[in-house]
Amino acid sequence: MAEDLETGMIRISDDVVATIAGLAALETPGIAAMSGGISEGLAKRLSGKNAQKGVTVEVGQLEAAIDLRVIVQYGIPIQEVCRQLQLSVREAVENMTGLNVVEVNVKVDGVLFREDSAEESAPNSARLIK
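Okay, so let's go over this structure. As the structure is a prediction and not an experimental result, all values here were calculated from the model. (Residues numbered from 1 in each chain as written. Predicted model: local features only at pLDDT ≥ 70, side-chain atom pairs only at ≥ 80, totals over all residues. Heavy atoms only, no water.)

1. Focus: the overall build of the protein
Stage number 1. In terms of helices and strands, the protein carries two helices and seven strands.
Stage number 2. Ordering the α and β elements of the protein from the N terminus gives β-β-α-β-β-β-α-β-β.
Stage number 3. Burial status across the protein gives 38% buried among its 130 residues.
Stage number 4. Long-range pairs, those at least 24 residues apart, make up 61% of the contacts in the protein with a sequence separation of at least 6.
Stage number 5. Counting only carbon and sulfur atoms, one obtains 48% of the accessible surface of the protein, whose full area is about 7900 Å². (Helix = DSSP H or I, 4+ residues; strand = E, 2+ residues; numbered from the N terminus. Buried < 20%, exposed > 50% of the residue type's maximum accessible area, 1.4 Å probe, protein only. Contact = heavy atoms within 4.5 Å. Areas by Shrake-Rupley, 256 points an atom, 1.4 Å probe, with all protein chains shown as cover.)

Spelled out as structure tokens, the structure:
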């Protein structure tokens, strides 16, 4: 985004929009992690520094399009989680940048579920289904 003002120009980089979208995605209930694709294996929750993993953006002068790759938690309706994800990301980006988000595309790369602690030796073990 670039905006000419009497005092100068404001530009918001693609990386800033990607970071905002990534953090909003991780805060959405039902999203286990962001996915960087098959080559990165099991994705982990990210800090703000790495929140661009699994996020691709196209930013124009006044609009943005966002693509997300996510891993959802097992047992939660995927369609509902993804709809909430789209709303959360759209709201966060629009509120923080003033850009109009024209689309938020979501690709579910996997499902993460916790094993019963009786079956696993580690109490917080998890398995990823792709």
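Structure's up, so let's keep going.
2. A few points about the packing of aromatic side chains
Stage number 1. Following the criterion strictly, the structure yields one aromatic pair and no others.
Stage number 2. Here the aromatic rings of Tyr74 and Phe113 are separated by 5.5 Å at their centres, their planes lie at 55°, and the arrangement is tilted. One end of the pair, Tyr74, is in the loop between β5 (63–73) and α2 (78–97); the other, Phe113, is in strand β6 (residues 100–114), and 39 residues separate them in sequence.
Stage number 3. For Tyr74, a relative accessible area of 61% puts it in the exposed group. (Phe/Tyr/Trp six-rings, centres within 6.5 Å; stacked < 30°, edge-to-face > 60°.)

3. Comments concerning the pairing of strand β4 (residues 55–59)
Sheet faces and side chains relate simply in a regular strand, where the side chains alternate between the two faces.
Stage number 1. Across five bridges, the pairing between β4 and β5 is antiparallel. By the bridge assignment, Val55 is partnered in β5 with Leu68.
Stage number 2. Between the end of β4 and the start of β5, which pair antiparallel, lie three residues. (Pairing = 2+ DSSP bridges.)

4. Some thoughts on a negative patch on the surface
Stage number 1. A surface patch of negative charge is lined by Asp14, Asp15, Glu58, Asp67 and Glu103.
Stage number 2. Summarising the element assignment, Asp14 is placed in helix α1 (residues 14–26). (Patch = residues over 30% accessible without salt bridge, like charges linked within 9 Å, V, L, I, M, F, W, Y side chains within 5 Å. Salt bridge = Lys/Arg side-chain N within 4 Å of Asp/Glu carboxyl O. Lys, Arg positive; Asp, Glu negative; His and termini not counted. Charge placed at Lys NZ, Arg CZ, Asp CG, Glu CD.)

5. Notes on the nonpolar core
Stage number 1. If you look at the biggest cluster of nonpolar residues, it comprises 26 residues, and the most contacted ones within it are Val55, Ile66, Leu68, Val89 and Val93.
Stage number 2. Of all the secondary structure elements, the ones that give two or more residues to this core are α1, β3 (31–34), β4, β5, α2 and β6.
Stage number 3. Ignoring sequence-local partners within four residues, the contact set of Leu68 consists of Met34, Gly54, Val55, Leu85, Val89, Val104, Asn105, Val106 and Lys107. (Core = buried A, V, L, I, M, F, W, Y, C linked by side-chain atoms within 4.5 Å.)

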